[in-house]
Amino acid sequence: MKTTNKDEDWGVCDFDETVLFVQLINGRLFIHGIEAVCKWCEGVLEIREETKVFCGGRCGRYQGEFSRNLSDFLRWEGVKSYTLRKIVAEVEALELEARDLEPISYAPHWSILYEYEDETET
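These notes cover the structure that comes with them. Residue numbers run consecutively from 1 along every chain, following the written order of its sequence. Side-chain atom pairs in this predicted model are given and counted only at pLDDT of 80 or more, local residue features only at pLDDT of at least 70, and totals for whole chains, interfaces and linings cover all residues. Side-chain metrics rest on all non-hydrogen atoms present in the structure, leaving aside hydrogens and water.

1. Some remarks on the sheet that holds strand β7 (residues 62-67)
Rules: A pair of strands is treated as paired once DSSP finds two or more bridges between them. Every helix listed is a DSSP run of H or I at least four residues long, and every strand listed is a run of E at least two residues long, numbered separately from the N terminus.
Reading across the sheet, the seven strands line up as β4-β3-β2-β1-β7-β6-β5 and stay open at both edges, with antiparallel pairing between neighbours. In this open sheet, the two edge strands, each paired with only one partner strand, are β4 (34-35) and β5 (45-48). As paired strands, strand β1 (residues 9-15) and β7 are joined by three bridges and run antiparallel to one another. Each residue of the ladder has a partner; that of Cys13, found in β7, is Phe66.

What follows is the structure in structure tokens.
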């Protein structure tokens, strides 16, 4: 389940509310091992002003936000499920937001994933 590796250069991008971990290789963005390209002209994407992603190709359009802080994956709602947020935070060594640390006053609807986890262990 682990995505990032501390020996590599990673960041987080928010492309139209799709939040992804991105690997930086020689200043270029890679998602799942494939270089990220513009959705309009397929030009190579580039980071400008440290936090903005633009097409470096012919259209030059704004693509989304970028952050080197991997905890922004949770802040930008890369995971919405309360249960999964805690799991991702633990696996990726991310800092949970204050709302994730507060005790909840209702019985949560636990993720169905836990049921599958129990079945595989038996």
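2. Quick look at the packing of aromatic side chains
Two measures describe an aromatic ring pair: the distance that separates the ring centres and the angle between the ring planes. Basically, it comes down to this: The aromatic pairing rule takes the rings of Phe, Tyr and Trp, using the six-membered ring of Trp, and pairs them if the centres are within 6.5 Å, calling planes under 30 degrees apart stacked, those over 60 edge-to-face and the rest tilted. Think of it in three bands: with a 1.4 Å probe and only protein chains considered, a residue is buried below 20% of the maximum accessible area for its type, exposed above 50%, and partly exposed in between. Only when the NZ atom of a Lys or the CZ atom of an Arg is both within 6 Å of the ring centre and within 35 degrees of the ring normal do we say a charge sits over the ring.
Under the criterion given, the structure shown has two aromatic pairs. Where Phe21 meets Phe73, the ring centres are 4.2 Å apart and the plane angle is 15°; that geometry is what we call stacked. Taken together, the positions of Phe21 in strand β2 (residues 18-25) and Phe73 in helix α1 (residues 72-75) put the pair 52 residues apart, joining distant regions of the chain. By the burial criterion, Phe21 is buried, and Phe73 matches it. When the ring of Phe54 is compared with that of Tyr62, the centres are 5.4 Å apart and the planes differ by 70°; the resulting orientation is edge-to-face. Since its relative accessible area comes to 18%, Phe54 is described here as buried. Seen from the ring of Trp40, Arg61 lies directly overhead, with NZ or CZ sitting 4.4 Å from the centre.

3. Some remarks on the pattern of salt bridges
The cut-off we apply is this: Salt bridges, as used here, are contacts in which a Lys or Arg side-chain nitrogen is within 4 Å of a carboxyl oxygen on Asp or Glu.
One pass over the structure, following the stated rule, counts 11 salt bridges. We note a salt bridge from Glu65 to Lys52, for which the minimum N-O separation is 3.2 Å. A residue pair is termed long-range when its members are at least 10 positions apart, and Glu65 in strand β7 and Lys52 in strand β6 (residues 52-55) qualify at 13 residues. By relative accessible area, Lys52 is classed as partly exposed at 26%. Residue Asp72 pairs with Arg75 through a salt bridge whose shortest N-O separation is 2.8 Å. Placement of the pair is Asp72 and Arg75 together in helix α1, with a separation of three residues, close to one helical turn. Connected via shared salt-bridge partners are Glu77, Arg85, Glu97, Arg99 and Asp100.

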